[in-house]
4 protein chains.
Amino acid sequence: MTDPSDLARRVREGELRLHELDDHADPETAATARRLFVEGETDTDLDTVGEYAFDAATAEPNIENMIGGTQVPVGVVGPVEIDGGAVDGERYLPLATTEGALIASVNRGCSAIRAAGGATARVLKNGMTRAPVFTVEDVGEAATVAAWVRENTDALAAAAESTTSHGELTDVTPYVVGDSVFLRFTYDTKDAMGMNMATIATEEACGVVEAETPASLVALSGNLCTDKKPAAINAVEGRGRTVAADVFIPHDLVEERFKTTADAIAEANTRKNLVGSAKAGSLGFNAHAANTVAAAFLALGQDIAQVVEGSNAITTVEEREDGLYASLTIASLEVGTVGGGTGLATQAEALEVVGVTGGGDPAGSNADALAEVIATAALAGELSLLAALASRHLSSAHEELGR
Amino acid sequence: MTDPSDLARRVREGELRLHELDDHADPETAATARRLFVEGETDTDLDTVGEYAFDAATAEPNIENMIGGTQVPVGVVGPVEIDGGAVDGERYLPLATTEGALIASVNRGCSAIRAAGGATARVLKNGMTRAPVFTVEDVGEAATVAAWVRENTDALAAAAESTTSHGELTDVTPYVVGDSVFLRFTYDTKDAMGMNMATIATEEACGVVEAETPASLVALSGNLCTDKKPAAINAVEGRGRTVAADVFIPHDLVEERFKTTADAIAEANTRKNLVGSAKAGSLGFNAHAANTVAAAFLALGQDIAQVVEGSNAITTVEEREDGLYASLTIASLEVGTVGGGTGLATQAEALEVVGVTGGGDPAGSNADALAEVIATAALAGELSLLAALASRHLSSAHEELGR
Amino acid sequence: MTDPSDLARRVREGELRLHELDDHADPETAATARRLFVEGETDTDLDTVGEYAFDAATAEPNIENMIGGTQVPVGVVGPVEIDGGAVDGERYLPLATTEGALIASVNRGCSAIRAAGGATARVLKNGMTRAPVFTVEDVGEAATVAAWVRENTDALAAAAESTTSHGELTDVTPYVVGDSVFLRFTYDTKDAMGMNMATIATEEACGVVEAETPASLVALSGNLCTDKKPAAINAVEGRGRTVAADVFIPHDLVEERFKTTADAIAEANTRKNLVGSAKAGSLGFNAHAANTVAAAFLALGQDIAQVVEGSNAITTVEEREDGLYASLTIASLEVGTVGGGTGLATQAEALEVVGVTGGGDPAGSNADALAEVIATAALAGELSLLAALASRHLSSAHEELGR
Amino acid sequence: MTDPSDLARRVREGELRLHELDDHADPETAATARRLFVEGETDTDLDTVGEYAFDAATAEPNIENMIGGTQVPVGVVGPVEIDGGAVDGERYLPLATTEGALIASVNRGCSAIRAAGGATARVLKNGMTRAPVFTVEDVGEAATVAAWVRENTDALAAAAESTTSHGELTDVTPYVVGDSVFLRFTYDTKDAMGMNMATIATEEACGVVEAETPASLVALSGNLCTDKKPAAINAVEGRGRTVAADVFIPHDLVEERFKTTADAIAEANTRKNLVGSAKAGSLGFNAHAANTVAAAFLALGQDIAQVVEGSNAITTVEEREDGLYASLTIASLEVGTVGGGTGLATQAEALEVVGVTGGGDPAGSNADALAEVIATAALAGELSLLAALASRHLSSAHEELGR
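Residues numbered from 1 in each chain as written. Chains lettered and ligands numbered in written order. Predicted model: local features only at pLDDT ≥ 70, side-chain atom pairs only at ≥ 80, totals over all residues. Heavy atoms only, no water.

Further remarks concern the pairing of strand β2 (residues 88-96) of chain D. Inspection of the sheet shows strand β1 (residues 66-83) of chain D paired to β2(D) by eight bridges, in the antiparallel sense. Bridged to Asp83(D) within β2(D) is Asp88(D). (Pairing = 2+ DSSP bridges. Helix = DSSP H or I, 4+ residues; strand = E, 2+ residues; numbered from the N terminus.)

Laid out in structure tokens, this is it:
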């Protein structure tokens, strides 16, 4: 019974539920049936949603109740030149976005960086975290559990690592609030973004904690991870990759490319990204790093909800004697080149453009490289937007003088 | 000269630059040429990226250097029943994601909400902001400028509103830090997300400030807006829509649907979303609201970089005598049903599914409705994940008891 | 029965409780009795604690279970010259502290400011807040209550102001989180710090809210006030006085007084107070404003627990062509010249030194003046410490060069 | 020439500067001379300020430009019963304050805790920090320096510990932002609060960093310490002592002592201290911990500007089957029993009352004990205020029912 219309009818008549269609048809037919059903219920036409080019079967690990594909235009920036820890040379970067002018802006920055001899980039820290919360009797017991954890990291590592062939437990830090004990587990998950790996490994380790201490698990995530929420713990200590990129651009090049001065860009950065963000109570001290991060995440099969952490970034600009120094440091960029959405058709093609397909050699180097490329592109975007803000100011100042 | 191969060759040979292709061919041919060029430079195959189903010409306002389309699987949740301020009744919601289990999880929550008689939802506040930064001589002058602004909101409104047929300036609040003066302009941008409208209107108003006061514009955005950065000012005062959804679920339904108890869900919420987030120095006191927000934003043509602000959300759960009360309040959900990516093919179809195509009647009601639907779905996701965390705990507790 | 030894014995024997001594003796005798009792219980000698110079009776509104006085050395800085909104000319400021070098440091800054022609200072905003939390049925009711409050500020003002002869209700802002409704009441409390005035007035207004809406009061303070906790809402919106002070110091004076350069001080400020604070997830972007605020608060009878809010301060330093510009903006300095500890003997004398005894003319001007003096002294402290940090760097650099 | 009037005259005539008086007279005479001078300049009378009971000579390390003493009434709370890691049994605690009702409120809580069998308290973490900021050429060099530091902690410890007989360097963590490298040094400073010890030791270690790496010191404190500013890094990772106290109080005792119920206190805590603080963007999730911390710091010779960090505290309350569980966890309580103001006369007497005079045995145990006592008293204050808020609500609810 694989006629989609018939399946849609059966859902409509209450015989089947939407998610049960997968049991009665291949993924593509099931998606068609759902589309028909939803079209009927909402009196809409989902033709373009149905014209997806990927294989529905390959998307199964990524979606339920699939009705088709969302299509977002994707462009390209680059080449950007990077002297990185994991990447060396020129790279193109696909960006998927619906924000007009974003790609043009990032590309202008990339071009200036290239003209200046390239950016420097480094992954400074690497660790995916998961932090379960336990309950104990009182703060005395909490102190005991915390001490036990500090002394038994090896046992926890053995349990955690029994669940994964790649991941390594690198740290477990206990945090106590009254009768709640949070354990922040940190893993090197190599080329995977690693959220699932970290969760499964941590669940196993929690079993050990519960067996060996009086602590009782309340939730496998206690929000000190912190996943997909803006949190100082990530901005301070990092999550995924802590990555920085910077560039030095001589004065003449600044003026040629950006139609403004190093001094004006530095002032805009100080008043907007440092002082303004300070006054706003912000964890993000940048102009629009999230734009580049989001567009790259979407094009490259990353988890776009993690743009939240990717916006924990600080931009600095200083006028040096011979030119402008600018840097962008992203505290918690969660990226991977295996798993998640990286196997989807258009995403896999985009990862190939960046040159970071699958696992790296050594393990982790592809994800490192991806982090360095994104950080550099985001730096380009920072420079370009700051310059635009600064030059608009200058031009309006010029107009005023002309009056 | 519209043979894409030839165009690609000319780029390769340095005759043309990538972005100049738009001047030499229609958008589709230009995209093909770029794809060919990038394939050649990076030794890759971008076939699926090229199989996009939207009209390249319609995507022009959204992208530069287009090489094709990124395709993300989209599924559907619902119907969810909402007693809202702008929406009343049942709605389906398309979600585009690569995170397996997300849709199943949100859908489980939607189903429980529906069984409980539906959620209540309200837009509590509405205002898109833009906050330029000016420089003045000293704090004396800063005080003078701030006072002038407070007394001349009408003049600023006249200037700002001269640039838009729909937007209304509803507030201008000055913030001073030394010789920097930030003016936070707030607009009712109706059914548009409104960032561009707010920027253009504010630029015009800045002209008045510069003409009438000694303040000199440094940057049109001074980060007190705050756009695409996690900032307390948005979490406290809101940006876009401040929207809340809640539901009451009787005890038997909680247990039937979630295989756990109201008490266990409430405890997980308190220790994880409240105490854990507190300890993490977080602005987000929720489990994974960003997941639902991101997936809805992607499917519905919203700006996915604004997931950052969408994660400023607080989940509360309390056990009442007869059942469980749960709420989700998102402080700064920036949504629109016109402009941005809402006109793209698959996105427009998805908006129709929700029933919020184009401008609402009254103006703003479609964006309000969209905010209420997303908040309700995100609430469903919160309930479902909290229940999963709590029941896993219970089940492991049960296993232990069985030992 | 006013022999202190006898009273102490009766406490020891369980006949009387410590706090009941006030009913059996004059304040001084009661204090002596308590001292004797505590000395006996803890085998200590509280002679100096007993040698207080104020009248125990006058301290009654400030203390319970009094055993004597804590004595802290107090010094003086100044004169500092201020061109303020409420103060004009030279002022001395007593500071009580146990931190060696603090007064010397602040005084060095004051001296430099005076040599530079004085500081400019302004109170930019003024409002004491109290924010009760109510509970409602659901978010629909929350929206209704919030709307009612916005439309009935007059009724709330009438109720609130019926309890005070001086205070004025200037704003009520509703904030909703699920079924909790917070109302942030803001008052102009003139020369009083105003916490008590605001609390009493708000309690009266809460009665109106409960009578006219379905909201039910949970707690008279719901922490959106926010009192004595570091909170972004205060750093962004202010509490008490938002006050700023700044100064311009010519290059030669910078070098003469501070043995370093404007450039070096600016760099120290940017890397430490802006970038460092950003990375620390701080609400305070300054070097040690809390030191000056704390010492002034202690000497002048202010509430020292409110040093917490007084540390919400941003220091900016920029090298201008002819010299150094530095500013300090304190978002939430809670000060008063009447009430609280201002009537105690040494504190009243210290307030007289500043020239801000009792209520000002016009009302509020004395508290404004006090805020401006403290901000200027704190600016002096910022300059002096930044210069010390910068010059130590220079000197070590010099030593290195000499090697 | 030690007639104070004459000295005052010489200052007035410009012959001497205020701070030079120490070179011309004993401390007491110098103070008198300054007092006379200030009285003359400001036309005031500083009689009571002059009636201090401590020896001016002993205060010399704590003050400059001394004019006398500030006197604050001090009371006592207790005994509070504590089962702690460093303290066991009953303790009295002197509190100096000008806030009426504070001591009564804390004492009511202490009494309830004692009736409930006492509180449990533990120091969970201990470390005083200092974080200098260095500049490097670019992020590549930053990565190199950070790696060097991670591998050379021993060398840094050797240098740092060469300056102190008690302190131990326990950790150095590098944080990079662009071309700024922050090194957060953590010390076990035993019974000293340790700020000075940490600063001196870190300065020595900085010499090693500068000698062995290309990093150049910009400022000995780079604000990642973080001292006297409200910062998430302290709230998350702690500074000084991380200390927690909790108590379980049976239902009947809750009702007898607090005239309200466990349920009402828990609700007030959730809506105010958790949800309200969340909405306020706060780092403090408590009712008024700063009040107790400030009053204890003042009475006991601690640094009152560090009340800022002492307010990084989370209060939790839960209704358990048989009663109420409440806890207070202070992340960064900076206390010492040697150094600072602990040697001043009234402060030393107060420390004796607590039973924590001078260095502990083992070293650090006195400061630990002090932290546990303060945390317990602050917990008492939390309980008492929450109960007052909750019962006021109940009583008003009762009145309404009576209508």
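Here the narrative resumes.
As a further point, take the interface of chain D and chain A. Contacts between the two partners involve 30 residues from chain D and, on the opposite side, 30 residues from chain A. Interface area for chain D against chain A, summed over the two sides, is near 2400 Å², with a carbon-plus-sulfur share of 58%. Our enumeration of links across chain D and chain A arrives at four salt bridges. For Asp179(D), the salt bridge is made with Arg320(A), and the minimal N-O distance between the two is 2.8 Å. Run the count over chain D and chain A and you get 12 residue pairs in polar contact (both at pLDDT 80 or more). When residues of the side of chain D that touches chain A are traced back to their parent elements, those giving at least two are β3 (119-130), α5 (139-151), β5 (168-177), α8 (232-237), β8 (240-250), β9 (313-319) and β10 (323-333) of chain D. (Contact = heavy atoms within 4.5 Å. Buried area = accessible area lost by both parts, 1.4 Å probe. Salt bridge = Lys/Arg side-chain N within 4 Å of Asp/Glu carboxyl O. Polar contact = N/O pair within 3.5 Å; in protein donor to acceptor, adjacent residues only side chain to side chain.)

Right, let's get into the domain arrangement of chain A. By the assigned domains, chain A splits into domain 1 (27-70), domain 2 (74-126 + 241-401) and domain 3 (132-219). Averaged C-alpha coordinates put domain 1 of chain A and domain 3 of chain A at centres separated by 40 Å. (Domains from an automatic or database assignment.)

Note on aromatic pairs: each is described by the distance of the centres and the angle between the planes. If you walk through the whole model with that rule in mind, you get 14 aromatic pairs over all chains. Measuring from ring centre to ring centre gives 6.0 Å for Tyr92(A) and Phe37(B), while their planes differ by 80°; the resulting arrangement is edge-to-face. A residue pair is termed interchain when its members come from two chains, as with Tyr92(A) in strand β2 (residues 88-96) and Phe37(B) in helix α2 (residues 27-42). Per residue, the accessibility class of Tyr92(A) equals that of Phe37(B), and both read buried. Residue placement shows Arg320(A) over the ring face of Tyr325(A); its charged tip is 4.2 Å from the ring centre. (Phe/Tyr/Trp six-rings, centres within 6.5 Å; stacked < 30°, edge-to-face > 60°. Buried < 20%, exposed > 50% of the residue type's maximum accessible area, 1.4 Å probe, protein only. Lys NZ or Arg CZ within 6 Å of the ring centre and 35° of its normal.)

Aligned on chain A, chain D shows an RMSD of 0.0 Å; the corresponding rotation is 180° and the shift along the axis is 0.0 Å. On this basis, the relationship between the two copies can be described by a two-fold rotation axis. Nearest to the rotation axis, the C-alpha of Ala232(D) is located 3.1 Å from it, this being the minimum over chain D. (Least-squares fit on C-alpha atoms with pLDDT ≥ 70 in both.)

What follows concerns helix α9 (residues 251-258) of chain A. Looking only at α9(A), the buried set comprises Leu253(A), Val254(A) and Phe258(A). The arc that holds the buried residues of α9(A), viewed along the axis, is 105°, so those residues lie on one side. (Arc of directions from axis to C-beta.)

The next subject is the relation of the copies chain C and chain D. Between chain C and chain D, which share one sequence, the superposing operator has a rotation angle of 180° and an axial displacement of 0.0 Å; the RMSD is 0.0 Å. Take the interface residues of chain C: 100% of them recur as interface residues in chain D, which is what a same-surface contact looks like.

Across residues other than glycine, the phi torsion is negative in most instances, and most of the peptide bonds are trans. Cis geometry is adopted by the peptide bond preceding Pro79(A), which originates at Gly78(A) and carries an omega value of 0°. Here Pro79(A) shows up in strand β1 (residues 66-83). Residue Asn65(C) is not a glycine yet carries a positive backbone phi of 50°. With respect to the secondary-structure elements, Asn65(C) resides in the loop between α3 (47-50) and β1 (66-83).

For an interface, size is often stated in terms of accessible area lost upon the parts coming together. The partner chain D presents 114 residues to the 113 residues of chain C that form the contact. Contact between chain C and chain D buries roughly 9300 Å² in total, counting both sides, with carbon and sulfur atoms accounting for 59%. It is Thr70(C), Gln71(C) and Arg271(C) that lose the most area in chain C upon contact with chain D, and together they represent 8% of the buried surface on that side. With a shortest N-O distance of 2.9 Å, Arg271(D) and Asp179(C) are connected by a salt bridge. The interface formed by chain C and chain D includes 62 residue pairs in polar contact (both at pLDDT 80 or more). Element by element, the count of residues in the side of chain C that touches chain D is highest for β1(C), at 11 residues. Across the side of chain C that touches chain D, the residue classes tally to 54 nonpolar, 38 polar and 21 charged. (Nonpolar A, V, L, I, M, F, W, Y, C, P; charged D, E, K, R; others polar.)

This paragraph deals with helix α2 (residues 27-42) of chain C. Taking 1.5 Å per residue, 16 residues should reach 22 Å; α2(C) reaches 22 Å between its end C-alpha atoms and fits that length. Along α2(C), the positions that sit buried rather than exposed are Thr29(C), Ala30(C), Ala31(C), Ala33(C), Arg34(C), Arg35(C), Phe37(C), Val38(C), Glu39(C) and Thr42(C). Residues of α2(C) that are buried sit in contact with α1 (4-12), α3 and β1 of chain C together with β1, β2 and α13 (345-354) of chain D. After α2(C) finishes, the residue Asp43(C) shows a positive phi value of roughly 55°. (Expected span 1.5 Å × (residues − 1).)

For the rest of this paragraph, the subject is a negative patch on the surface. Residues Asp43(A), Asp45(A), Asp47(A), Glu51(A) and Glu352(B) make up a contiguous surface patch of negative charge. When you line up the elements, Glu352(B) lands in helix α13 (residues 345-354). (Patch = residues over 30% accessible without salt bridge, like charges linked within 9 Å, V, L, I, M, F, W, Y side chains within 5 Å. Areas by Shrake-Rupley, 256 points an atom, 1.4 Å probe, with all protein chains shown as cover. Lys, Arg positive; Asp, Glu negative; His and termini not counted. Charge placed at Lys NZ, Arg CZ, Asp CG, Glu CD.)

What follows deals with the pattern of salt bridges. Evaluated as defined, the whole model comprises 88 salt bridges over all chains. The partner of Lys125(A) in a salt bridge is Glu237(A), and the shortest N-O contact between them spans 3.6 Å. Residue Lys125(A) is located in strand β3 (residues 119-130), and its partner Glu237(A) is located in helix α8 (residues 232-237); the two are separated by 112 residues in the primary sequence. In this structure Lys125(A) comes out as partly exposed when scored by relative accessible area, which is 32%. Taking the relative accessible area as the measure of exposure, Glu237(A) reaches 14% and is therefore buried. Each of Glu137(A), Asp179(A), Glu267(B), Arg271(B), Glu318(D) and Arg320(D) takes part in salt bridges that share partners, so that together they form one network.

As a further point, take the state of the cysteines. Residues and elements named next belong to chain A. The final tally for this structure, using the stated rule, is zero disulfides over all chains. Cysteine Cys-225 is unpaired, with the sulfur of Cys-206 as its nearest cysteine sulfur at 10 Å. Overall, Cys-225 belongs to the buried group, its relative accessible area being 0%. (Disulfide = S-S within 2.5 Å.)

With that settled, the discussion passes to the environment of Leu36(B). Residue and element names in this part refer to chain B. Assignment of secondary structure puts Leu-36 in helix α2. Accessibility expressed as a relative area gives 30% for Leu-36, which makes it partly exposed. Considered as a pair, Leu-36 and Thr-357 are 321 residues apart in the sequence and their alpha carbons are 36 Å apart. Among all residues touching Leu-36, those that are not within four sequence positions of it are Pro-4, Ser-5 and Ala-8.

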